[in-house]
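# A look at the structure
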Amino acid sequence: MKLLDEFKAFAMRGNVVDMAVGIIIGAAFGKVVSSFVNNVVMPPLGVMIGGVNFTDLSIVLKEAEGEVAEVAIGYGLFIQSLVDFVIIAAAVFIAVKVMNSMKKKEEAAPAAPPAPSKEEVLLGEIRDLLKEQKQG
């Protein structure tokens, strides 16, 4: 039971939950970027290059024979994956840059000195009264 309690304490810490949310959002973002690249970026790029469908680009190493499938290097899919990576990397870079600039602004803003507590105010008044009595 102790192991289960330790795991529960680990899993419920804020950092682990935040990380899990980040992974889920990251996976969804990856799917959105893949769809964007496959359906928006690559078709016009293929048309500009001459009607090329990047998913069909491959080098056939061995033709299909009977029930044996062909062996090919699908470099078109690799190109699409590279475009996905570049877009995701750029988005993450921009997000980190924005977060770092926000942290710098927080650090640059000086914290206001805390107001004196009631005890400090009262002690100051007592000190001032004692000074007046000595002088008077």
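Residues numbered from 1 in each chain as written. Predicted model: local features only at pLDDT ≥ 70, side-chain atom pairs only at ≥ 80, totals over all residues. Heavy atoms only, no water.

### Focus on the nonpolar core
How we decide: Only buried Ala, Val, Leu, Ile, Met, Phe, Trp, Tyr and Cys residues count toward a nonpolar core, and they belong to the same one when joined by side-chain atoms within 4.5 Å. Three exposure classes are used, based on accessible area relative to the maximum for each residue type with a 1.4 Å probe and protein chains only: buried under 20%, partly exposed in between, and exposed over 50%. We call two residues in contact when some of their heavy atoms are within 4.5 Å.
Counting residues in each nonpolar core, the largest one holds 5 residues, listed as V33, V37, M42, F54 and L57. Non-local contacts of M42, meaning those with residues more than four positions away in its chain, are made with V37, F54, I79, Q80 and V83.

### Details of the side chain of Q80
Keep this limit in mind: Each helix is a run of H or I in the DSSP string that is no shorter than four residues. Each strand is a run of E no shorter than two, and both are numbered from the N terminus.
Relative to the helices and strands, Q80 resides in helix α3 (residues 75-108). Residue contacts for Q80: discarding those within four places in its chain leaves V37, N38, M42, F54 and T55.

### What about the environment of I59?
Mapping I59 onto the fold places it in strand β1 (residues 59-62). Accessibility expressed as a relative area gives 45% for I59, which makes it partly exposed.

### Some remarks on the side chain of D84
Quick reminder of the rule: His residues and chain termini do not enter the charge count, which takes Lys and Arg as positive and Asp and Glu as negative. We define a salt bridge as a side-chain nitrogen of Lys or Arg found within 4 Å of a carboxyl oxygen belonging to Asp or Glu.
Summarising the element assignment, D84 is placed in helix α3. Of the side chains with opposite charge, K31 comes closest to the buried, unpaired D84, at an N-O distance of 13 Å. Setting aside anything within four residues of it in sequence, one finds D84 in contact with V33, S34 and V37.

### Here we look at the confidence of the model for the chain
Rule in force here: As a per-residue measure, pLDDT reflects the predictor's confidence and takes values from 0 up to 100.
The share of residues in the chain with pLDDT of 70 or more is 98%, and the mean pLDDT across the chain is 85. When pLDDT is averaged over each helix and strand of the chain, the minimum, 81, is found for helix α1 (residues 2-11) and the maximum, 92, for strand β2 (residues 71-73).

### Overview of a nonpolar patch on the surface
Note the cut-off: Think of a patch as exposed residues, more than 30% relative accessible area, with no salt bridge, where like charges cluster within 9 Å and nonpolar side chains (Val, Leu, Ile, Met, Phe, Trp, Tyr) cluster within 5 Å. What sets the accessible areas is the Shrake-Rupley method with a 1.4 Å probe; for residues, cover comes only from the shown protein chains.
Together, I59, L61, V71, I73, Y75, F78 and L82 make up an exposed nonpolar region whose accessible area comes to about 650 Å². With 3 residues, the top contributor of residues to the nonpolar patch is α3. Its location among the elements puts L82 in helix α3.

### Here's the deal with the environment of F78
Structurally, the position occupied by F78 is in helix α3. For the pair F78 and F54, spaced 24 residues apart in the sequence, the C-alpha separation amounts to 9.1 Å.

### Observations regarding α3
The test is simple: Under the convention used throughout, the expected extent of a helix is 1.5 Å for every residue step, that is, one less than its residue count.
Here α3 is 34 residues long and its end C-alpha atoms lie 49 Å apart, about the 50 Å a rise of 1.5 Å per residue gives. Those residues of α3 not exposed but buried are G76, Q80 and D84.

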